[in-house]
Amino acid sequence: MKDLVMVLMKRVAMMAVLASVALAVPALAADLPRDGEMRKLSLSAERKPVAQPEFSDPADRPTTLEAQRGKVVLLNLWATWCIPCRAEMPALDRLQAQRGGKDFEVVAVAQDRGGRAKVEKFLSETGVTRLAPYVDASMKSGRAWGAVGLPTTILIDAQGREVGRLVGEAAWDSPDALKLIDALINEKTKTAGK
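Throughout, a residue's number is its position along its own chain's written sequence, starting from 1. Per-residue local features are limited, in this predicted model, to residues with pLDDT of at least 70; the limit for side-chain atom pairs, both in listing and counting, is 80 or more; totals at the level of whole chains, interfaces and linings are taken over all residues. For the side-chain quantities, the full set of heavy atoms in the structure was used; hydrogens and water were omitted.

Digging into the overall build of the protein chain
The cut-off we apply is this: Put simply, DSSP marks the helices as runs of H or I at least four residues long and the strands as runs of E at least two long, and each gets a number from the N terminus on. Any residue under 20% of the maximum accessible area for its type is buried, any over 50% is exposed, and the rest in between are partly exposed; the area is computed with a 1.4 Å probe on protein chains only. Should any heavy atoms of two residues lie within 4.5 Å, those residues are counted as being in contact. Where accessible areas are quoted, they stem from the Shrake-Rupley method and a 1.4 Å probe; at the residue level, only the protein chains shown are allowed to cover.
Each helix and strand counted, the protein chain has 5 helices and 8 strands in total. Helices and strands appear in the protein chain in the N-to-C order α-β-β-β-β-α-β-α-β-α-β-β-α. For the protein chain, the proportion of its 194 residues judged to be buried stands at 43%. Summarising the internal contacts of the protein chain: among those between residues at least 6 apart in sequence, 75% fall at separations of at least 24. Of the roughly 10300 Å² of accessible surface on the protein chain, 59% is carried by carbon and sulfur atoms.

Quick notes on helix α2 (residues 83-99)
Residues separated by three or four positions in an α-helix point in the same direction, a consequence of the helix having 3.6 residues per turn. The test is simple: Expected span of a helix: the number of residues minus one, times 1.5 Å. The angle separating two fitted axes, one through the seven residues that finish at a residue and one through the seven that start at it, defines the bend at that residue.
Here α2 is 17 residues long and its end C-alpha atoms lie 25 Å apart, about the 24 Å a rise of 1.5 Å per residue gives. Maximal helix bending in α2 amounts to about 30°, located at M89; proline P90 follows within four positions. Those residues of α2 not exposed but buried are C85, E88, M89, A91, L92, D93, L95 and Q96.

Some remarks on the state of the cysteines
Short version of the rule: In this description, a disulfide is simply a cysteine sulfur pair whose atoms lie within 2.5 Å.
Using the criterion set out here, one finds 1 disulfide in the structure. Across the disulfide from C82 sits C85; the S-S distance is 2.3 Å. Its torsion about the S-S bond being 75°, the disulfide of C82 and C85 is classed as right-handed. C85 shares its class with C82; the two are buried.

What about the side chain of D173?
As a reminder, the rule being used: N or O atoms closer than or at 3.5 Å make up a polar contact, with two conditions inside protein: a donor-capable atom paired with an acceptor-capable one, and, for residues adjacent in sequence, both atoms drawn from side chains.
On the secondary structure map, D173 appears in the loop between β8 (162-167) and α5 (175-193). A polar atom in the side chain of D173 sits 2.5 Å from the side chain of R94. Apart from the residues within four sequence positions on either side, D173 is in contact with A91, R94, L95, Q98 and L178.

A short note on unusual backbone geometry
Along the chain, L150 connects to P151 via a cis peptide bond; the corresponding omega equals -5°. Of note in this structure, D60 is not a glycine but carries a positive phi near 65°. Looking at where D60 falls in the secondary structure, it is placed in the loop between β2 (55-56) and β3 (62-63). On the basis of relative accessibility, which here comes to 48%, the residue D60 falls in the partly exposed class. Unusually for a residue other than glycine, M139 sits at a positive phi of about 65°. Tracing the sequence through the fold places M139 in the loop between β6 (134-135) and α4 (140-144).

Comments concerning the packing of aromatic side chains
Two numbers describe a pair of aromatic rings. These are the distance of the centres and the angle of the planes. Note the threshold: Stacked, edge-to-face and tilted are the three classes for Phe, Tyr and Trp ring pairs, Trp counted by its six-membered ring, which pair at centre distances within 6.5 Å; planes under 30 degrees apart are stacked, over 60 edge-to-face, the rest tilted.
Under the definition given, this model contains 3 aromatic pairs. With centroids separated by 4.9 Å and ring planes inclined at 35°, the aromatic side chains of W78 and F122 adopt a geometry described as tilted. Here W78, found in strand β4 (residues 72-78), pairs with F122, found in helix α3 (residues 115-125); they are 44 residues apart in sequence, far enough to count as distant. For W78, a relative accessible area of 1% puts it in the buried group.

Concerning the pattern of salt bridges
Quick reminder of the rule: We define a salt bridge as a side-chain nitrogen of Lys or Arg found within 4 Å of a carboxyl oxygen belonging to Asp or Glu.
By the definition in use, this model includes 17 salt bridges. With its nearest N and O atoms 3.0 Å apart, the salt bridge here joins R61 to D57. Looking at D57, the relative accessible area reads 10%, which means it is buried. Between E120 and R116 there is a salt bridge whose closest N-O contact spans 3.7 Å. One end of the pair is E120 and the other is R116, both in helix α3 and 4 residues apart, which spans about a single turn. In this structure E120 comes out as partly exposed when scored by relative accessible area, which is 36%. Here R116 falls in the buried class, since its relative accessible area comes to 14%. Salt bridges linked by common partners bring R47, D157, R161 and E187 together as one network.

That's the geometry; what it means functionally is another story.
See the structure below:
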């Protein structure tokens, strides 16, 4: 009888631990507003650190997302030949203008064998002036980040963990997108205040 009581107590304790973990993860996801088009964002079951492949910064120096640590990052993988990317880039540019700074950054990495000159020409033609021209002519970074198509956008928290991803074009400067991004920025601020 004593053994049975011990087994039951252990099971109850384990169930309490599992319940608290299960409740903590959905609560975090549930706190993020995903209205309208942002419902297409697939939330990560568990926030895990994103890969840190190298790509080129605007001065053609190798960099990684580690350079953005401490900021909420909207990582966008795109290419000059991608029609939905062409449509999406102005919205990303406006998002960077509205929210870019010490707490948030749009990092748009061109997955383009055409290299920097082609990328900069594309940005100029589309009127994009606020996004830094990051380039990965090898396209290895896209594979490391698990992109299955372009555009792919990965939302990353201030600790460098994937919050969710969206494959395909989105209006990243829409009120629904801004509400989602602001919630992550506020999450960063709350975490820093603890």
